[in-house]
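# Fold and contact review
Next come the chains, spelled out residue by residue.
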Amino acid sequence: RFPREIDPGGCSMSEAAVLQALQCACSQDPSVLKIGEQQLKAWETEKGFYSTLAGVFTNRGVEPSVRWMAITCIKNGADRYWRLGAPSPVEDEEKAIVRSSLLQCIEEPVQQVSTQLSVLIARIARIDCPAKWPELLPFLSEAVRSPSELMRKCSLVTLKHVIKTLAARRLVNYRKVFYDVTTSLFIYIVGLWSGHLQEGVAQISAGSADSAVETLEMSRVCLKILRQMIVHGFPRFSTILEALQFLNNLFERIPALMQLRIQLPPEHPLVGNLEQNICLMTKTLREVQNHHPIGFVPFITPSLQLVNTFVFTPDNQGQLFERFVIQVLNLFSQILRCEDYSPPETIRLSEGKKLRLAVICEMFGLAIQLSVLPVHTYTHACTH
């Protein structure tokens, strides 16, 4: 028997009824699950529904699966009813309650719930930040510096989702907000990334595989944040010393992690984690070259050295794995095919552009002269 509150034929919404419907929606019994989903769907446009759901997910006495379902319902509602022009939009007062509740419980010990909270915060930030949610970014900026390890971890994951969302917005006022966030956080996140990576390597050397898995995962989260920041957060990253140092650091870290990887048995649980970090570093280089080809000029020679060391040097081919080879060759291809590095003869270029292109051509020639790539290898790559 089900209480009358969740009778799909219609009912009044109360906190107890919402909780019961959420529990039914988490049931393993298909018939019970269907009843719960139908009732939750019927309440989506009811005033007070989302603030009631917020009360459920902030209550840690409720089962994690039910809290997760409450967050999912808000996420679905945010997609449909959060914008002002939506049919039956959520009222501003109710939105404020939800936003406040999200920040209050961001330090969440249950990973499944924590991940869903991070996704929901980013989903709402896409619509409300910064105009309706000005406190979000300052809150996250402080939270990632928290002395609590759990708070730092949860806020970093949340920041990753929020940064990815904000980086995708192209209007000028939104770009300015993202530039400001990058300026305030970039150096600190670089320090976190470097610290986690060094700690993870030390843990691997000490044989602490379980600890290293989590440490390297947090390093990867930091790197995902940095990738969005360096690609989209600086109008000209080449004028920022810390950004240049970060890219130079990537060229140093990739060979070091590759060497560490081959020291582990193929079935070692950390091999996959190291490969993910290596591929993400290479992907970061690719995206920087793609979005900032002129600013990437100083890194052409290190890129060619990276390709030559791992792809065209037979002694090192035993270190390779498929995803890395694809990423490195794609970086090589991007450099060779970049139109900014090959000016059309029919277009009259400014003197500044000519100068930059002359520098690039000189660097390509220098790379060949220094045997970064053998001439026949370079010729073959350029013609295929």
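Just above, that's the structure.
Residues numbered from 1 in each chain as written. Predicted model: local features only at pLDDT ≥ 70, side-chain atom pairs only at ≥ 80, totals over all residues. Heavy atoms only, no water.

## Quick word on the overall build of the chain
What the chain contains, in helices and strands, is 16 helices and zero strands. Counting only residues that meet the buried cut, the chain has 48% of its 384 residues in that class. Intrachain contacts of the chain at a sequence separation of at least 6 include 70% that bridge at least 24 residues. With an accessible surface of roughly 18700 Å², the chain has 53% of that area assigned to carbon and sulfur atoms. (Helix = DSSP H or I, 4+ residues; strand = E, 2+ residues; numbered from the N terminus. Buried < 20%, exposed > 50% of the residue type's maximum accessible area, 1.4 Å probe, protein only. Contact = heavy atoms within 4.5 Å. Areas by Shrake-Rupley, 256 points an atom, 1.4 Å probe, with all protein chains shown as cover.)

## Quick notes on the environment of Met218
Looking at where Met218 falls in the secondary structure, it is placed in helix H10 (residues 209–232). For Met218, a relative accessible area of 7% gives the class buried. Sequence separation between Met218 and Leu192 is 26 residues; the distance between their C-alpha atoms is 8.8 Å. Contacts of Met218, omitting those with residues within four sequence positions, involve Lys153, Leu156 and His196.

## Topic: the nonpolar core
Leu22, Ile230 and Phe246 are the most contacted members of the largest nonpolar core, which totals 112 residues. Among all residues touching Ile230, those that are not within four sequence positions of it are Phe186, Phe237, Ala243, Phe246, Leu247, Thr284, Val288 and His292. (Core = buried A, V, L, I, M, F, W, Y, C linked by side-chain atoms within 4.5 Å.)

## A closer look at the side chain of Thr282
Examined against the element boundaries, Thr282 turns out to sit in helix H12 (residues 269–291). Within polar-contact distance, the side chain of Thr282 engages the backbone oxygen of Ile278 at 2.9 Å. For Thr282, the contacting residues outside a window of four places in its chain are Ile254, Phe324, Gln327 and Val328. (Polar contact = N/O pair within 3.5 Å; in protein donor to acceptor, adjacent residues only side chain to side chain.)

## Some points on the packing of helix H8 (residues 149–167) against helix H9 (residues 172–205)
Packing of H8 against H9 brings their axes to within 11 Å, and their N-to-C directions diverge by 145°. With respect to the hand of their crossing, H8 and H9 are arranged in left-handed fashion. Across the interface between the two elements, Leu156, Leu159, Ile163, Leu166 and Ala167 from H8 touch Arg175, Phe178, Val181, Leu185, Ile189 and Leu192 from H9. Its residues placed into classes, the contact of H8 with H9 shows 10 nonpolar, no polar and one charged. (Axes fitted to C-alpha atoms, helices over the stretch in contact; angles between N-to-C directions. Left-handed = near helix turned anticlockwise from the far one by under 90°. Nonpolar A, V, L, I, M, F, W, Y, C, P; charged D, E, K, R; others polar.)

## Section: the packing of aromatic side chains
By the definition in use, this model includes nine aromatic pairs. Here the aromatic rings of Phe186 and Phe234 are separated by 5.2 Å at their centres, their planes lie at 80°, and the arrangement is edge-to-face. Linking Phe186 in helix H9 with Phe234 in the loop between H10 and helix H11 (241–262), this pair joins segments that are 48 residues apart in sequence. Residue Phe186 shares its accessibility class with Phe234, and that shared class is buried. The ring centre of Tyr188 lies 4.6 Å from the NZ or CZ of Arg145, which sits over that ring. Between the NZ or CZ atom of Arg253 and the centre of the ring of Trp193, over which it lies, the distance is 5.8 Å. (Phe/Tyr/Trp six-rings, centres within 6.5 Å; stacked < 30°, edge-to-face > 60°. Lys NZ or Arg CZ within 6 Å of the ring centre and 35° of its normal.)

## What to know about the pattern of salt bridges
Considering all chains together, one arrives at 14 salt bridges under this definition. Here Asp180 and Lys176 are joined by a salt bridge, their closest N and O atoms 3.0 Å apart. With Asp180 and Lys176 both in helix H9 and four residues apart, the pair spans about one turn of that helix. Here Glu275 ties to Arg261 by a salt bridge, and the two come within 2.9 Å at their closest N and O atoms. On the criterion of sequence distance, the pair formed by Glu275 in helix H12 and Arg261 in helix H11 is long-range, its members being 14 residues apart. Within this structure, Lys41, Glu44 and Arg80 form a network of salt bridges that share partners. (Salt bridge = Lys/Arg side-chain N within 4 Å of Asp/Glu carboxyl O.)

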